[in-house]
Every structure is written in structure tokens, then in C-alpha cells.
Amino acid sequence: MDCERCNRSDAEVGKITRYKEHDCSMNLCVDCIAIIEKPYDEKCTQCGKLVWKNGGAKKHEDQIFCLHCHQNILSSKDKKPKPKTSILKKRNFWFSVGLAIVGILILTEYI
């Protein structure tokens, strides 16, 4: 008997069984069953739930999260307060404005 997915014989791969889960009804080897089962066995790094039951898997910084936790991570990044700029950080701009005003005052003295 041959595996219906990879077309290898049972002499090469070992035992071939009838797989009837996840909308699949095929004679498969152990390796092909492991490949099919992998997405159904993954758990979310944050909440520990199975990702396929919680909206699917999303990868973020080499970690697998469920869709719900992934959206929470992205929304928490958006809520970080933006730093306010001060006059000292814009000192080059204000120096240029002051220099321009002084230049205009000097020009008006000569005209």
C-alpha cells in the first residue's frame, strides 16, 4: 500500500493508516500525518490556547500567537504615548527664526 499524499510505499516509510480527521480521508504515512496535524497542535505563546480554535496563527517576532492575542499586541503598541517635543529639541529652528528677525531689524535700520 502507498501513501496517497507522498506516494511512498509502506516498505519505505513504515505503517500506513487510514486518516479520517480534519476533512481528510486518505491512506497516509506517519510523516504526512505529522505534517497535517502540526497546525492543529500549535499553541499560542501568550494565552496557551490552540491557535486554530482562536482565529488562526499569526507570527510576531519569531513567536506564534493566536489572532486575538496578536491584535492585542498590535493595539497596545498603538497606545504608547508619543514624546512631546520641547523648545530645546527645536533649538536650531528657533535660533534660525531669531537670527532672521535680527537680520530684518538690522536691514530696516539701514533702509
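Residues numbered from 1 in each chain as written. Predicted model: local features only at pLDDT ≥ 70, side-chain atom pairs only at ≥ 80, totals over all residues. Heavy atoms only, no water.

Another point: the overall build of the protein. Counting secondary structure elements, the protein contains four helices and four strands. With an accessible surface of roughly 9,200 Å², the protein has 56% of that area assigned to carbon and sulfur atoms. (Helix = DSSP H or I, 4+ residues; strand = E, 2+ residues; numbered from the N terminus. Areas by Shrake-Rupley, 256 points an atom, 1.4 Å probe, with all protein chains shown as cover.)

Where strand S3 (residues 57-60) lies against strand S4 (residues 63-66), four bridges are found, and the strand directions are antiparallel. Pairing of Ala 57 across the sheet is with Cys 66, part of S4. Taking the residues between adjacent antiparallel strands as the criterion, S3 and S4 are bridged by two residues, where Glu 61 takes a positive phi near 55°. (Pairing = 2+ DSSP bridges.)

For the coordinates displayed, the defined rule picks out one aromatic pair. Arranged with centres 5.0 Å apart and planes meeting at 70°, the rings of Phe 93 and Trp 94 form a pair that is edge-to-face. Overall, Phe 93 belongs to the partly exposed group, its relative accessible area being 48%. Accessibility expressed as a relative area gives 46% for Trp 94, which makes it partly exposed. (Phe/Tyr/Trp six-rings, centres within 6.5 Å; stacked < 30°, edge-to-face > 60°. Buried < 20%, exposed > 50% of the residue type's maximum accessible area, 1.4 Å probe, protein only.)

Each α-helix turn comprises 3.6 residues. Residues three or four places apart therefore point the same way. Taking 1.5 Å as the rise per residue, helix H2 (residues 30-41) with 12 residues should run 16 Å; its terminal C-alpha atoms sit 15 Å apart, in good agreement. Among all positions of H2, only Cys 32, Ile 33, Ile 36 and Glu 37 are buried. Projected onto a plane normal to the axis of H2, the buried residues spread over an arc of 120° and lie on a single side. The exposed set on the far side of H2, more than 90 degrees from its buried face, consists of Val 30, Ile 35 and Lys 38. Summarising the contacts, the buried residues of H2 are in contact with strand S1 (16-19) and strand S2 (26-29). (Expected span 1.5 Å × (residues − 1). Arc of directions from axis to C-beta. Contact = heavy atoms within 4.5 Å.)

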